[in-house]
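Structural overview
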Amino acid sequence: MANALRALAMDAVEKAKSGHPGMPMGMADVATVLWTKFLKFDPTAPDWPDRDRFVLSAGHGSMLLYALLHLTGYADMTMDEIKRFRQLGAKTAGHPEFGHAAGIETTTGPLGQGLANAVGMAMAERALNARFGDALVDHYTYVIAGDGCLMEGISQEAISLAGHLRLNRLVVLFDDNGISIDGPTSLTTSEDQLARFAASGWHTIAVDGHDPAAIEAAIAEARRSERPTLVACRTTIAYGAPTKAGTSASHGSPLGAAEIATTRERLGWTNGPFEIPVDVLERWIAAGHRGGAARKSWDGRLARATSELRNEFKRVVAGKLPKALDEAVAALRARLIAEKPNVATRVASQTALEMLAAAVPELLGGSADLTGSNNTKAKVQAPFTATDRAGRYVYYGVREHGMAAAMNGMALHGGVIPYGGTFLVFTDYCRPAIRLSALMGQRVVYVMTHDSIGLGEDGPTHQPVEHLAALRAIPNVAVFRPADAVETLECWQIALQRKDGPSVLALTRQNLATLRTSDDAANACARGGYVLAEADGGERQATIIATGSEVAIAMEARRLLAAEGVRAAVASLPCWLLFDRQTGTYRRAVLGGSRVAKVAVEAAIGFGWERYVGAKGGFVGMPGFGASAPAADLYKHFGITAEAVATAVKERL
C-alpha cells in the first residue's frame, strides 16, 4: 500500500517534469499507517465536521496528499487529475491549495504555515468541544512536517503556544530525513528537535519511519497523551531509489526514467506508470470506507441532540451569523450617532466588540500581548486556557506570526470566527499568514491599532507609513480604516459578514470626533467609500478624499475652502477593495468627474492614491518615516493639516 503512494509520486512528478518526489516516498509508510489505522474521515462526506484534520505542512510533497485522496476514494481526485499534476487548471497544484479538491484542509507550501494552522485547528476543536460536547466534537489534528517547517521561525511560536495550551489532540509527524535542498541538514542546523519540543511542553517519541508496527504504536501513544505530541520519524528521502535515496537530488527534481525503473525493481513494483494493482487498490478503498460507520453514528447523535443545540451547531459550522446581529448593530449605531463620542477608533472597536462578543458566541478573539492597547477583549470573554477551553479570548503572547497562522487554522476548521490584534506596524510579522488568509478566502479579522504617526512618541519604529499600501496590495485583503466610532462599527459588521476573505481594521490611538451625524439605517461603509459631506452652494469644484483620522482634517479643509468660496466635497474611503468593486457610475458620483479637482489626505505614503486623484490630483501625507514626538506636533511637522489640504485643492482649481 505504501509503495502505491511512492509509485504515484514518482510517476506524476516525472510526467510533469517538475515536483518533489523524495518526501512522499520517504513518508509513505507513515502516511499509510495513519490513514489506514487512525485517521477518521469519510470520502463520501469530506466536509463532515467531526472528521480528523490532516495537514501536510511540508506542502512541497503534495503528491503524497493527492495520492492518498485518490486511493481512498475522494471522487474529485481522479487518476486523470493525478496525471495532470502541476498543470494549468488541475486540482493537483504544485502545492496543496485549499478549495481545489475535497480533503485539502489548508494551503501549504510556505514552510511552517501548515504546522501553525494545525495549532489553530486544534484550538478550534477544543473550543467547539467545550461548547457542544464530546458527542458532536471529538477529533484529532495530524500534521506531517519536515525539517524546513521546523527551521522556520513561525514553528517556535506555534509549538510554544500549543505546548502552553496543552493541545493534546494535536499530533505532529516529523519527517526526520536529514535532507534539505542545499544538502544534509547538518550544513545548517544541529538542534535536537525532541529536546526542543519537550522544552515547549510536548510529549515526544522517536521511531523508525519505515517500521509500520513502530509507527502504529507511536501514534497510539500520542493519542493517549495529555500533551501535544511530536513523533520524530527517521526516514530516508526517496526511499527505494537506488542512487538518489538519502540525497538532496530527490528533493525538488524528478528522479528520471532510469532511476524510476530501478526503483520499481527494488520495491518489487511491477506495474507500469499510474497503474495500481487491483488488490492494493481494494485495500486502499476499504481504508477509505473505514470511517463511514463513524460518520453515520455521528449523524445519529446530531439528529438526537436537542433542536436548539443541533440548530446552533449547524449555524456556526455553516459560518452563518446570528439573525439578531443586524438589529444589535443598528441599535448601537443609532446610539453612537446620538451620543457622538470623541474616542480613538481602537476604543470604538472595543465598544463594538462588547456588543459583538455577546451577540456572536463563536467569536474567538485575542491579542499578541497588547490586549490593553488593542482593546480586543470584551467583558464577557474569559481566557481560553489549558484548563478552560470554554474561554473565548486567547492570550497569544508576543507571537504575531503564530497568532495570524493559528487564526487561519481556526477559520479553516470552522465553527469559530477568529480575530486577533497587534500594532499595525507589526503586520510585517503577520504578512505571510495574512497573504494566505486572502489566498484561501478565509474570514479572519486582524485588529491592527496605532495606525499612523498619530500614535506619537513611540516613534518611527512603531509608526506605520508604508503598511496600508502594502496590505492593500495583497489581493482579496479588505483593509478598513474607519474615520470615527460609527464607521468602526460598520467596518466590524462588514468584516464579520465577509466570508470570502480576511479583513484588516486599521485603528487609531488618538481620539476622533464623530463625523457621521445622520442614521439612514444603511451601512455606508459597505460600498467602500461614500460622500460624507457634499459641496455647499452649488456644483462641486473639488473632492477631498481621506481615510481614518484624516477625514476630520478633510472636513476642516472643506470648511476653510467654503470660507473662500470654493465648493468642496469630502469623500470617506474606508475600504479601497470594496470601493473598487462598485460601478463606475457610483465611483464617479463619490469622487467627482474629470473636471473636479481631487486631493487625497492620509497619514501614510501616497502609493496607490493616484488611482483616485488622477495624474493632476494632489496628495497630502507622509514623505517617508515618522519621528518621535506628540501626535499634534508630528502632524504639523509633516504638513498633514487642513491648511495644507486647502492649499493643494486651490492649486488644482
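Report follows, based on the coordinates. If you're wondering where the values come from, they're calculated on a predicted model, not measured in any experiment.

1. A closer look at the environment of alanine 546
- Position of alanine 546 relative to the elements: it lies in strand 17 (residues 542-546).
- For alanine 546, a relative accessible area of 0% corresponds to the buried category.

2. Details of the sheet that holds strand 14 (residues 503-507)
- Read from one edge of the open sheet, six strands run 10-9-11-12-14-13, paired in parallel fashion. With one partner strand each, in any of the chains shown, strand 10 (393-395) and strand 13 (478-480) form the two edges of the open sheet. Each neighbouring strand pair of the sheet contributes to a mean axis angle of 20°, computed without reference to strand direction.
- Here strand 12 (residues 445-449) runs beside strand 14; their pairing, made up of five bridges, is parallel. Bridging from a neighbouring strand, methionine 448 pairs with alanine 506 of strand 14.
- Running over the sheet, helix 18 (residues 400-413) touches strand 9 (363-367), strand 11 (417-423) and strand 12 and is turned about 165° from strand 11.
- Its contacts with the sheet put helix 19 (residues 427-440) on strand 11 and strand 12, and the angle it makes with strand 12 is roughly 160°.

3. So, the nonpolar core
- Core analysis: the largest hydrophobic core is formed by 128 residues, its most contacted members being Trp35, Met63, Met123 and Leu173.
- The element that contributes the greatest number of residues to this core is helix 6 (residues 113-132), accounting for eleven residues.
- Here methionine 123 is in contact with Leu161, Leu165, Leu167, Phe384, Val394, Tyr396 and Met410, once residues within four sequence places are set aside.
- Core analysis: the second largest hydrophobic core is formed by 79 residues, Ala348, Ile453, Val465 and Leu573 among them.

4. Observations regarding the pattern of salt bridges
- For the coordinates displayed, the defined rule picks out 31 salt bridges.
- Of the charged contacts, one joins aspartate 29 and arginine 6 as a salt bridge, the two residues approaching to 2.7 Å between their closest N and O atoms. Separated by 23 residues along the polypeptide, aspartate 29 in helix 3 (residues 28-38) and arginine 6 in helix 1 (residues 2-16) bring together distant segments of the chain.
- Judged by relative accessible area, aspartate 29 falls into the buried class, the value being 12%.
- The exposure class of arginine 6 is buried, given its relative accessible area of 2%.
- Note that arginine 264 and aspartate 11 form a salt bridge whose closest N and O atoms lie 2.9 Å from each other. Pair noted here: arginine 264 is in helix 11 (residues 257-267) and aspartate 11 is in helix 1, with a separation of 253 residues, a long-range link.
- Looking at aspartate 11, the relative accessible area reads 6%, which means it is buried.
- Look at the salt bridges and you will find they share partners, linking Asp451, Arg472, Arg481, Glu550 and Glu602 into a network.

5. Observations concerning the environment of glycine 618
- Position of glycine 618 relative to the elements: it lies in strand 20 (residues 618-620).
- For glycine 618, a relative accessible area of 3% gives the class buried.
- Separated by 285 residues in sequence, glycine 618 and arginine 333 have C-alpha atoms that sit 33 Å apart.

6. Structural notes on the packing of helix 22 (residues 550-563) against helix 27 (residues 642-650)
- One can describe the packing of helix 22 onto helix 27 by two numbers: an axis separation of 8 Å at closest approach and a directional angle of 60°. By the criterion of interaxial angle, the relationship of helix 22 to helix 27 is oblique. The chirality of how helix 22 crosses helix 27 is right-handed. Along the contact surface, helix 22 presents Ile553, Glu556, Ala557, Leu560 and Leu561, while helix 27 presents Ala642, Glu643, Val645, Ala646, Val649 and Lys650.
- Within the contact of helix 22 with helix 27, the residues separate by chemical class into eight nonpolar, no polar and three charged.

7. Quick notes on the packing of helix 6 against helix 8 (residues 153-165)
- Two elements in contact, helix 6 and helix 8, have axes separated by 8 Å at closest approach and are oriented at 20°. What the angle tells us is that helix 6 and helix 8 run roughly parallel. The two elements helix 6 and helix 8 meet at a crossing, and its hand is left-handed. The segment helix 6 lies against helix 8, with Gln113, Leu115, Ala116, Val119 and Met123 engaging Ile154, Ser155, Ala158, Ile159, Leu161, Ala162 and Leu165.
- Residues of the contact of helix 6 with helix 8, tallied by class, amount to ten nonpolar, two polar and no charged.

Definitions and cut-offs
- Residues numbered from 1 in each chain as written.
- Predicted model: local features only at pLDDT ≥ 70, side-chain atom pairs only at ≥ 80, totals over all residues.
- Heavy atoms only, no water.
- Helix = DSSP H or I, 4+ residues; strand = E, 2+ residues; numbered from the N terminus.
- Buried < 20%, exposed > 50% of the residue type's maximum accessible area, 1.4 Å probe, protein only.
- Pairing = 2+ DSSP bridges.
- Axes fitted to C-alpha atoms, helices over the stretch in contact; angles between N-to-C directions.
- Contact = heavy atoms within 4.5 Å.
- Core = buried A, V, L, I, M, F, W, Y, C linked by side-chain atoms within 4.5 Å.
- Salt bridge = Lys/Arg side-chain N within 4 Å of Asp/Glu carboxyl O.
- Parallel < 35°, antiparallel > 145°, perpendicular 65-115°, else oblique.
- Left-handed = near helix turned anticlockwise from the far one by under 90°.
- Nonpolar A, V, L, I, M, F, W, Y, C, P; charged D, E, K, R; others polar.

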